[in-house]
Structures are given as structure tokens and as C-alpha cells.
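Chains, contacts and geometry: an overview
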Amino acid sequence: MAHKRIYMDWNATAPLMDAVREAMIDAFAMPGNPSSVHGEGRAARALVEKARRQVAALVGANPQSVVLTSSATEAANLVLTPHWRMGRSPLSLGRLYVSAIEHPAVRLGGRFAPDRITEIPVTPRGVTDLARLETLLAEHPVEAGLPLVAVMLANNETGVVQPVAEAARLVHAKGGLIVVDAVQAVGRMAVEMDALDADFLLISAHKLGGPKGAGALIARGETLMPEPLIRGGGQEKGHRGGTENLAAIAGFGVAAELAQKDLINRNLHVTSLRDRLEAGMRAAAPDLIIHGHDVARIGNTCFFTLPGMKAETGQIAFDLEGLALSAGAACSSGKVGQSHVLTAMGQDAQMGGLRLSLGPATTQEDIDAAIAIFARIAARRRPAGQAA
Ligand code: PLP
């Protein structure tokens, strides 16, 4: 009998939700272009605007300040630029400061030249070092342009929640702007733009059970905006040209609305399952290292190192047992790269880490089966000091 596979890689992507699929199929059947003035066009426009309101509501933003994009990666490349406009006047930002644990979409710095990007270190627990940020900002020469700072809200590998509001206070005291990658945080913790004091948020549909290939840049206001990355027919108020991907946007809206409505239940569900999982894993391997376990984390993520087992070996072993998880940073080639997050935390990046990430559809049976698989794999490890 074929065993049911267990999917525990929700931070890579979440399965499409049924209600999202239905909304997308309906949208595929709509003939109009949202920019057309006839009835078909107006119906398509109404769908885009509904999704914009649903996405804005997820983070307590003004729908007028939501720029819909093809991904969070595109949104990052749009906002990470030295070239800005304050109304009609051009404005230059001097330097980009990025937390060392940012996703590559942000860490590579978008349109900033590499010599104008500075990394902000993190502590061994994976928390952005605010004392270092304060020093970097104190040393920043404002004559060369104000600073732009990027600090993510929840890390995709460890799940560790970052001190964004405190970072925002430091950045604003220097007159700078802060961009917050909230891709892994939305739907897993309350995200309120005002409470975070973020100037810009990045979010992605496919981590919420929405379609892959839809994201948004959400601004606090509308006065100060980056120069567009994609110029064209004036869509998204000129901030992002190109005819809107209606079905993806409609699906994004539904996924955002469901994530907002169901936030508390989803969070309680995944947190209790994750805690059960970690307790079972610890019982099977008392030497297990769970990264960031003693600081605030989103409730669905467990990032661990099993001494004596390289992450890439572990990933294959879990996959063969029917459990999908991820190891370090999965490059687009499918190869396992070294985790820059573990390196930034000063941990053994050679050994690597494995990430289990849960979602609303994860069940207790999945957890118990995962613990049993983990126990079998842990028992097969080489004794300490003999890692392959
Ligand atoms: N930021 C974080 C923290 C992520 O985890 C991801 C996706 O893996 C991204 C950005 C990129 O999102 P997208 O796939 O929409 O480009």
C-alpha cells in the first residue's frame, strides 16, 4: 500500500486553498481587461479592486497604497532602489542596510549597487542586532542621501520574529525609511502596518494558500514612492506597468481574506502541533538543536540540526520516508546551498539545518507520523564526531 505523503514545507509554499482555486477559475472566465472602460473591463477592474481591499485589510493598510506585483521578489526589487519620487520631485537614498538573515529577494539589494549595501548582523539566536543597527545609522552620512533599511518580520528558515518596531524607531530618528518583508509573517501572526511603524511591507500570495506568482508592495502613504521597476501602460497608478494577472490577483485577495479571518485558529492549531512535534523529536534525540527555540518565533516553524547528520543527507532520508521538508536554502537549481541564516547566527553551517513548517491542513496524525520518521532517522545517525 502506498503511504500518504506528509507535506511539512509550508514556508516554501502553501497548497492552494479550494476557495482560492474557485475564485481563480471564475476570474479566468472573465473576458475584460481591467483598464477597459466597457462593462467587461469594469467587471475585471472591480475584481482587482476587491482583491486590493482584501490584501490591504490583512495588514491594516489603505487599499490605495497597495501595489500589486508578480511576487514578493518583484516587490522587493521595486522598493529597494536609490531612486525615489516625493510627489513629482526626485529624491535619492544613500545606502541600503539589510539584516544578514533576509531572504535573497531582499538581501541582494534590488537596484542598489553592491558597494552601497551594508549587512546588519544578527545575534546567535537569529535576532537582528539593534545595537549594531544604531551604530551603523549613527555613522551614516546623511549628506549622501537618507538610509533605507530592510528588516524582515519573521525569518523564513528559523521563524524567529524580528524587532521591527524598535528598528523602525531607530531608522525614523535618522530620517530614513524601513522596508519590512512580512512574507512569512502574514497569516501566522498579527501584522499591523501602523503598529510596526513600517514604511513599506512586502507580502506574497503563495505562502497564504494563494497562487504562486502574485505579491504586493504596500506603502504607508503615497507621497514617497520608488521609481517604477516596470514601466508601461500606467497600471497600478504608474508604479507597475503591465496588464493585471486577474486570476492570480483574485486568488491572492481570497487567500488574504481567509488568512485574516482565520488567523487566531490557524495560529493556535499550528503552534500546538509544532510544540508536540518538537517535544517528540527531543524525546527521540535529546541532543537535538532547535534554532531560535528560546526567542519569539512564528508558531508553524521548526528549524533544527541533528548532530551527526548533515542536512542534505537528512533531507533525502526524510523524503524517502515520505516527509517533505527543506534543508537550508533551496537554490532554484534544486541543489542544497549553505544556509546564510545559520552562518549569520554563527552556527555550524557545514552541518546545515532542516526546516519543518506546518500549515492549517497539518493534522495530529501527520505530526505523530513525522515524529516516528524522525526517531527512525535519528537512530541511524553516525555517532558524534563521525559525521559523513
Ligand atoms: N521573502 C521571504 C521571507 C520568503 O520566504 C520568500 C519566498 O520564499 C520571498 C520573500 C519571495 O517571495 P516570492 O516567492 O513571492 O517571490
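One can find the structure itself at the top, above this paragraph.
Here's a quick rundown of the structure. Throughout, residues of each chain are indexed from 1 in the direction in which the sequence is written. Local features are withheld for residues below a pLDDT of 70 in this predicted model, meaning they are given only at 70 or higher, and side-chain atom pairs are given and counted only at 80 or more; totals for whole chains, interfaces and linings count all residues. Side-chain calculation: all heavy atoms of the structure are included, whereas hydrogens and water are not.

Some words on the side chain of H239
- Note on placement: H239 falls in the loop between β10 (224–226) and α8 (246–261).
- Note on classification: 1.4 Å probe, protein chains only; a residue is buried when its accessible area is under 20% of the maximum for its type, exposed when over 50%, partly exposed between these limits. With a relative accessible area of 18%, H239 lands in the buried category.
- The contact rule is simple, with two residues in contact once any of their heavy atoms fall within 4.5 Å. If we ignore the near neighbours within four places in the chain, the residues touching H239 are V67, L78, M225, P228 and I230. Secondary structure elements are taken from DSSP: a helix is a run of H or I of four residues or more, a strand is a run of E of two residues or more, and numbering for both begins at the N terminus.

Some thoughts on the layout of surface pockets
- Think of a 1 Å grid over the protein atoms and nothing else: a 1.4 Å probe that fits but is trapped marks a cavity, an open set flanked by protein within 12 Å on at least five of seven lines marks a pocket, and residues with an atom within 4 Å of a point count as lining. Grid points are joined across faces, edges and corners, and a volume is the space filled by probe spheres set on the points. As a volume, the second largest pocket reaches approximately 370 Å³.
- Lining the second largest pocket are 27 residues, with W10, P15, G359, P360 and A361 positioned closest to its centre.
- Of all elements in the fold, only β1 (6–7) and α9 (263–284) reach the threshold of two or more residues within the lining of the second largest pocket.
- Looking at the lining of the second largest pocket, the element that brings in the most residues is α9, giving three residues.
- In terms of residue class, the lining of the second largest pocket is made up of 13 nonpolar, seven polar and seven charged.
- Counting contributing residues per domain, the lining of the second largest pocket is built from domain 1 (6–15 + 263–379) and domain 2 (20–260), each supplying no fewer than three. Under the convention adopted here, Pro, Cys and the residues Ala, Val, Leu, Ile, Met, Phe, Trp and Tyr are nonpolar, Asp, Glu, Lys and Arg are charged, and Gly plus all remaining residues are polar. By convention here, the domain bounds are inherited from an automatic or database domain assignment.

Re unusual backbone geometry
- Despite not being glycine, E236 has its phi angle at roughly 50°, a positive value.
- Tracing the backbone through its elements, the reader meets E236 in the loop between β10 and α8.
- Among the residues examined, E236 registers a relative accessible area of 9% and is labelled buried.
- A positive phi is found at K237, a non-glycine position, where the angle reads about 50°.
- Checked against the element boundaries, K237 lands in the loop between β10 and α8.

Things to note about the site of the ligand
- We call a residue near a molecule or strand as soon as one heavy atom of that residue lies within 4 Å of the molecule or strand. Around the ligand sit S71, A72, T73, H103, M152, N156, D181, V183, Q184, S204, H206 and K207, and those are all the residues in its vicinity.
- Polar contacts, as counted here, are pairs of nitrogen or oxygen atoms within 3.5 Å of one another; within protein the pair requires one atom able to donate a hydrogen and one able to accept it, and residues that are adjacent in sequence qualify only if both atoms are side-chain atoms. T73 is positioned with one of its side-chain polar atoms (N or O) 2.5 Å from an oxygen atom of the ligand.
- One of the side-chain N or O atoms of D181 is found 2.6 Å from a nitrogen atom in the ligand.
- For the ligand, the accessible surface in isolation is 400 Å², of which the surrounding protein chains cover 87%.
- The residue makeup of the shell around the ligand, split by class, is three nonpolar, seven polar and two charged. To measure how exposed things are, a 1.4 Å probe is used in the Shrake-Rupley method; for residues, cover is taken only from the protein chains shown.

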